[in-house]
Amino acid sequence: MSPTVRSRLLASGAAFVVGFILANYGILRVAGPDRWLWSAIAVVLMATGAIGVIISDSPRRVSVWAIVGFELMVAFTLVPLLWTFSVATAPDLATPTAVLPQQVDWSVFGDAWGDSTYWNALLASLLVGVLATVISLLVGLPAAHAFVQNRVPRGRQLYLLVVALLLAPAVVFQGAIADQLRSLGVISWRLAPVLPVLVLTIPLTIWLGVAALHNLPWTLRDAIRVEGGGWRDELRSFVLPIIGPNVLLVGLLVFIVAVNDVTAGAVMTSTESSRLLPATMLLVTGDLTYPSGRVAAMGLLLLIPALVVLFAAPRRILHLVGRTYR
Amino acid sequence: MTDIELRNITLDLADGSRVLDDVSLEVPDGTNLAICGPGRAGKTTLLRILAGLADATEGDVLLGGVVSNRVSPRDRNLSMVFSDFLLHPHLDTYDNMAFAALLRRIQPEDEIDALVEEVADLLALTPVLDERPAKLDDAQRQRAAVGRSIVRDADGYLFDEPFAAQEPRLRGHVRSVTVQWQADLERTSIFATAHPEEAVTLADQVAVLNLGWVHQVGSPREIYDKPADLFVAGFMGSPAMNLVPATIEGSTLRLPFAEVRMDADMAEKVGDRTVVVVGIRPEHCFDSSKSESHQLAHPVHIEGRVDDAEWGGKTQAVYLGYEIDPDIEDQLTAIEDDFEFDLFHNFFVAQLSSDSEAEIGSTVRISVSAEQLHLFDLETAERLRAPGEIPEPEPEPDTEIETASDSEADDVAELAADQAPGDTTVLTAADIAAAEDDPEATATYDWMVDWEPEPEAPKEAPKFDWMPDKDDQPDS
C-alpha cells in the first residue's frame, strides 16, 4: 500500500468516525430543526469518508485530508454565522431556539441602521480605520519598498522584528499607549484610538507590502526612461497599472483589520465618542438591556465590507496572502 | 544615427570591487559592435552606463562626439532591449511593441501601426499580437521586446542578450531579421552576448570583455585568427580552442602528445621561455586516415584514446584524454584564477567529420597543420604567435619550418604515388612509419596512458604485405 493510499484511507476513516459521532450526538442530544443541521454535517462527513475509500487508489491528485478539513472549516464558520443570523432575524427580539432560522424578521437591520450607538461607533471606527490606513500606507509602504530593494542594513533582522511585532499580543503596546493618552488628557478624542491601532497596522502594512511589492518588474521604469518617458509616463505606465492595484488591496486589508481591531477598541473605552465598533459590540453583548438581535445585526452589517473586498478581488487576495506565507 | 564611444570607463562599487576597468570602445555610425563575455563580465553594466541608467566612476560616454555623461536616458535617444525583456504586463503584445514609438510622440501613429505589423510578421508574433505577456512564452516575450526596440526610430540600439531565450529553430532567423533591420536603417547597434558564435555572426566588430576588462577589440576574423591572449583564445570559438602547455627543449616544442620542431620564426617568438601554451582549434584537426589530412602543410600528428565523442551531424567532437604536467599545473591554475574562467582541460578536442571512426575507447590519429598552431606566453597569457603571423617557408633547408612529421607527409605522398592503379586505400602516417621502421614517427608518449594496440580491431587500416607488424616497432 502506497503512502498516498494509506493517507487517503486514514483521512476517510477519520471523516467517517467524526461524522458518525456527530450523527449520534445530533440524533440523541439535539432537539428540533437543528437535528437536521447536525445530521447534514454528519452525512457530508460520512459520505466523504466513503468516497475517500473508493478513490483511495485513484491516480488523481486529490487530498482527502484537505477535503475533510475544508468541510469542517465550513461547518465551524457557517454554524456561528447561522446562529448570528437567527438571533438578528428572530421576531420581537426573542432569543431563537434553533441555529436554523425559523422566522425571518428583517426589521432589526433597519433598527440597527438607525441606532445612534451603532452609528457613533461605526463612525469612530471608520474615521480611525481610514486615518490609520493612510498613515500605515505612508509609513509602511516605503519601508516595504526598502526591504524589497534590499536597501535596509540588517534587513533580515529588521523584517523579523516586524513579524515579531505582528505576533506579539497587541494589548502590551496598546495598553501603554492608552495610558499615555489618558495622562495627556486626549483619551476622549474621537481620533485618539488611531495611535494604538497603528501598533497593529504599521507592521501589517510592511508585512503585506513586502509581499505586494515583491516580484514587481521594478526595472520596467528603466525601460520607460530609456524609451523616452518622463515621470508622468512612469506614473501612467508603471505606478498606476502595476503598483496601484497591489497598494489598493494592501490598503483595503489594513483598513478592515483596523476597523476590526478589538484590542485597540477595548483599551479605548473611556468615552462613547472614541469607542470603536468592536468594543461597542462587546460591551452591549453583556448589557441585558440592549437588544441582542440588534448587536447581531450590527455584526452582520460589519461583515459586508470584508465580503465585498473578498469577492471583488479573490485571485489577487489569494496571490498576495499566498506570497506572504511563502 | 550617431557614433557611440566609451572613453576610459571605470566603475567601482561601494564595497571597493571594480566592475569595469578602463573600458574604451568606439562604434562608428551605422556599424555593429558585439560585446562578448561570460557572466559577470560587465556587459549589462556597460550598456546601462551607455543608456544613462547607471553612472561610471570615471570616464566619458560620447554620443555623436559629444560627452553625454549628464544627459538623461530619455534625451540620449537610444533604444534598449533588456535581458529580462521588461514588457508591460498590462499591455498586449501590440501595445508593448508600439509603446516606445508612441512614447516619443515623433512618428505618426499610422506609421507606427504599419511598423508594428511588419515587425510582428518578421518576428513571428502576428498570432499573439492580442495576447498579454503572461500568455506568451519566454521566446515570444523576448521577440516582443526586440520588436518594441526596433519599431522605435532611435539613434542607436543597445541589445542585452537579445536572442538568449530563442529556441534554435528561430534563433538564427530572429538574429538575421534584427541585424538586417539595423543594417537597412544604417543605425549604430551594440549587442551584449555571452555566446561567441552569436557575437561573430552579429557584428562588424567584437569586443571581448571579462571581469570588466576589454581583452581585445577587432573584427570577428581577427578575434578568431589572432586572439590577443589566452582568455580570448579559450572563450571565443565553439568548441573552444585547445590550450595545451608545452615545454621547450632546444628547438623542439614538446606537447604532452606530440613534438613540433620549431622554425626560426617560432623560435624567435618563443625566445628563452621554457614553457608556453599551444593553442589548437578543434576545427583545424583532421582524421589522419582521411585524404584531406594529406593536404596539410607541415602536419603534426596526434594520437590518443577516445574518451568521449559527441556526434553533431556533419561533424563530431572527439575527446582525447591526456595528463597535464603537475609542474605546470599550478601556473595554469593561476591563470584560470586570474580570469575566473576555466581554460585548461585534461582532454584534447578534435572536430572531425562524422564518418571518421572514433569509437569510445578506440585510438584515433589526428593531423593538424603546424601553421595553425597558436602560441601564448604562460606568464602574461598574451599571444606570442598566431597562424596568420607565420612567414612563408623559405627555400633554405636550415630555415624551413620542419616538424617531426614533415618527412611523414612527404613519404605519404611518395608512397601514394607508388600505389597500384585502382588501389584507393588511404595511407596513414603510421603505415609509412611502419614501412620505413621510423621509431620517431610511431613514438608512444607517456600521455598515451591507457592505449593498448588492438591488432585484431576490425576497423584498423589495411596493411600491406611488406609492412612489419606494429608490435615489432621499437618504443622510444
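Residues numbered from 1 in each chain as written. Chains lettered and ligands numbered in written order. Predicted model: local features only at pLDDT ≥ 70, side-chain atom pairs only at ≥ 80, totals over all residues. Heavy atoms only, no water.

## Points about the overall build of chain B
Reasoning step 1: Counting its regular elements, chain B contains 13 helices and 21 strands.
Reasoning step 2: Burial status across chain B gives 51% buried among its 476 residues.
Reasoning step 3: For chain B, the share of sequence-separated contacts (at least 6 apart) that also reach a separation of at least 24 residues comes to 70%.
Reasoning step 4: Total accessible area computed for chain B in this model is approximately 21500 Å², and 46% of it derives from carbon and sulfur atoms. (Helix = DSSP H or I, 4+ residues; strand = E, 2+ residues; numbered from the N terminus. Buried < 20%, exposed > 50% of the residue type's maximum accessible area, 1.4 Å probe, protein only. Contact = heavy atoms within 4.5 Å. Areas by Shrake-Rupley, 256 points an atom, 1.4 Å probe, with all protein chains shown as cover.)

## Let's talk about the overall build of chain A
Reasoning step 1: For chain A, the count of helices and strands is 14 helices and zero strands.
Reasoning step 2: Long-range pairs, those at least 24 residues apart, make up 69% of the contacts in chain A with a sequence separation of at least 6.

## With respect to helix α4 (residues 107-114) of chain A
Residues three or four positions apart in an α-helix share a direction because the helix packs 3.6 residues into each turn.
Residues and elements named next belong to chain A.
Reasoning step 1: If you check which residues of α4 are buried, you get Val 108, Phe 109 and Ala 112. Angular distribution of buried residues about the axis of α4 spans 105°; they occupy a single face of the element.
Reasoning step 2: Buried residues along α4 sit against α3 (64-89), α5 (116-148) and α13 (292-312). (Arc of directions from axis to C-beta.)

## A closer look at the nonpolar core
Generally speaking, a soluble globular protein has its nonpolar side chains buried in company with each other.
Reasoning step 1: Counting residues in each nonpolar core, the largest one holds 92 residues, and the members touching the most others are Leu 230, Leu 253 and Phe 348 of chain B.
Reasoning step 2: Counting contributing residues per domain, this core is built from domain 1 (4-225) and domain 2 (242-385) of chain B, each supplying no fewer than three.
Reasoning step 3: Beyond its immediate sequence surroundings of up to four residues, Phe 348 of chain B is in contact with Asn 242, Val 244, Phe 257, Ile 280, Cys 285, Ile 302, Val 318, Tyr 319, Leu 320 and Tyr 322 of chain B.
Reasoning step 4: Counting residues in hydrophobic clusters, the runner-up holds 88 residues, among them Leu 204, Ile 256 and Met 298 of chain A together with Leu 33 of chain B. (Core = buried A, V, L, I, M, F, W, Y, C linked by side-chain atoms within 4.5 Å. Domains from an automatic or database assignment.)

## Structural notes on the sheet that holds strand β4 (residues 58-63) of chain B
Pairing between the strands of a sheet is mediated by backbone hydrogen bonds and can be parallel or antiparallel.
All names here are of chain B.
Reasoning step 1: In space, the four strands of this open sheet follow the order β2-β1-β4-β5, with antiparallel pairing throughout. Taken across any chain shown, the strands that pair with only one partner, and hence form the sheet edges, are β2 (18-27) and β5 (66-67).
Reasoning step 2: Packed onto the sheet, helix α1 (residues 43-51) meets β1 (4-12), β2 and β4 and runs at close to 120° relative to β1. (Pairing = 2+ DSSP bridges. Axes fitted to C-alpha atoms, helices over the stretch in contact; angles between N-to-C directions.)

## Topic: the domain arrangement of chain A
Residues and elements named next belong to chain A.
Reasoning step 1: Each assigned domain of chain A is listed with its residue range as follows: domain 1 (3-105) and domain 2 (111-322).
Reasoning step 2: Relative placement of domain 1 and domain 2: their C-alpha centres are 34 Å apart.
Reasoning step 3: Taken together, the six residues of domain 1 in the interface contact seven residues of domain 2.
Reasoning step 4: Buried surface at the junction of domain 1 and domain 2, both sides included, amounts to about 530 Å², of which 84% is carbon and sulfur.
Reasoning step 5: Our count for the contact surface shared by domain 1 and domain 2 stands at zero salt bridges.
Reasoning step 6: Across the contact surface, domain 1 and domain 2 share zero residue pairs in polar contact (both at pLDDT 80 or more).
Reasoning step 7: Looking at side-chain class alone, the side of domain 1 that touches domain 2 contains five nonpolar, one polar and no charged residues. (Buried area = accessible area lost by both parts, 1.4 Å probe. Salt bridge = Lys/Arg side-chain N within 4 Å of Asp/Glu carboxyl O. Polar contact = N/O pair within 3.5 Å; in protein donor to acceptor, adjacent residues only side chain to side chain. Nonpolar A, V, L, I, M, F, W, Y, C, P; charged D, E, K, R; others polar.)

## A look at a negative patch on the surface
Residue and element names in this part refer to chain B.
Reasoning step 1: A surface patch of negative charge is lined by Asp 3, Glu 26, Asp 29, Asp 184 and Glu 186.
Reasoning step 2: Relative to the assigned elements, Asp 29 resides in the loop between β2 and β3 (32-36).
Reasoning step 3: Classification of Asp 29 by relative accessible area gives partly exposed; the value is 40%. (Patch = residues over 30% accessible without salt bridge, like charges linked within 9 Å, V, L, I, M, F, W, Y side chains within 5 Å. Lys, Arg positive; Asp, Glu negative; His and termini not counted. Charge placed at Lys NZ, Arg CZ, Asp CG, Glu CD.)

## With respect to the sheet that holds strand β10 (residues 213-218) of chain B
Residue and element names in this part refer to chain B.
Reasoning step 1: Taken in spatial order, the six strands of this open sheet run β6-β7-β8-β3-β9-β10, and their pairing is mixed. The open sheet has two edge strands with one neighbour each: β6 (78-81) and β10. On average, each strand axis in the sheet is inclined to that of its neighbour by 15°, with strand direction left out of account.
Reasoning step 2: Note: strand β9 (residues 205-210) against β10, five bridges, orientation antiparallel. The residue of β10 that forms the bridge with Val 206 is Gly 218.

## Focus on the packing of aromatic side chains
Reasoning step 1: One pass over the structure, following the stated rule, counts 15 aromatic pairs over all chains.
Reasoning step 2: An angle of 55° between the planes, with centres 5.0 Å apart, marks the rings of Tyr 25 of chain A and Trp 38 of chain A as tilted. Taken as a pair, Tyr 25 of chain A in helix α1 (residues 3-29) and Trp 38 of chain A in helix α2 (residues 34-54) lie far apart in primary sequence, 13 residues in all.
Reasoning step 3: Residue Trp 38 of chain A is classed as partly exposed on the basis of its relative accessible area, which comes to 29%.
Reasoning step 4: A ring pair is formed by Phe 257 of chain B and Tyr 322 of chain B, whose centres lie 5.3 Å apart and whose planes are at 80°; its orientation type is edge-to-face. Pair noted here: Phe 257 of chain B is in the loop between β12 (252-254) and β13 (259-261) and Tyr 322 of chain B is in the loop between β17 (315-321) and α11 (326-339), with a separation of 65 residues, a long-range link. Tyr 322 of chain B shares its class with Phe 257 of chain B; the two are buried.
Reasoning step 5: An aromatic cluster is present here, built from Tyr 157, Phe 159, Phe 163 and Phe 191 of chain B joined pairwise through their rings.
Reasoning step 6: Residue placement shows Arg 281 of chain B over the ring face of Tyr 224 of chain B; its charged tip is 4.1 Å from the ring centre. (Phe/Tyr/Trp six-rings, centres within 6.5 Å; stacked < 30°, edge-to-face > 60°. Lys NZ or Arg CZ within 6 Å of the ring centre and 35° of its normal.)

## Side note on the packing of helix α4 (residues 109-122) of chain B against helix α5 (residues 138-151) of chain B
Residues and elements named next belong to chain B.
Reasoning step 1: Close contact between α4 and α5 brings their axes to 10 Å; oriented N to C, the two are set at 140°. Viewed along their axes, α4 and α5 form a crossing whose handedness is right-handed. Facing Ile 112, Leu 115, Val 116 and Val 119 of α4, the residues of α5 in contact are Gly 147, Ile 150 and Val 151. (Left-handed = near helix turned anticlockwise from the far one by under 90°.)

## So, the pattern of salt bridges
Reasoning step 1: Inspection of the entire model under this criterion finds 23 salt bridges over all chains.
Reasoning step 2: Measuring nitrogen to oxygen at the nearest pair gives 3.5 Å for the salt bridge that ties Asp 222 of chain A to Arg 225 of chain A. Linking Asp 222 of chain A with Arg 225 of chain A, this pair stays in helix α9 (residues 220-226), spanning three residues, or about one helical turn.
Reasoning step 3: For Asp 222 of chain A, a relative accessible area of 10% gives the class buried.
Reasoning step 4: Classification of Arg 225 of chain A as partly exposed rests on a relative accessible area of 29%.
Reasoning step 5: In this structure, a network of salt bridges that share partners links the residues Asp 222 and Arg 225 of chain A together with Arg 48 of chain B.

## Things to note about the confidence of the model for chain B
All names here are of chain B.
Reasoning step 1: Averaged over every residue, the pLDDT of chain B is 82; the share at 70 or more is 81%.
Reasoning step 2: Contacts from residues 395-476, a stretch scored under 50 in pLDDT, to residues over four places away or in other chains number 106 contacts.
Reasoning step 3: Across the interface, the model reports ipTM at 0.71; the global pTM reads 0.71. (pLDDT = per-residue confidence, 0-100.)

## Points about the environment of Thr 315 of chain B
Residue and element names in this part refer to chain B.
Reasoning step 1: Assignment of secondary structure puts Thr 315 in strand β17.
Reasoning step 2: Distance in space between the C-alpha atoms of Thr 315 and Arg 76 is 46 Å, their sequence separation being 239 residues.
Reasoning step 3: Residues within four places of Thr 315 in sequence aside, it is in contact with Glu 310, Gln 351, Leu 352, Ser 353 and Ser 354.

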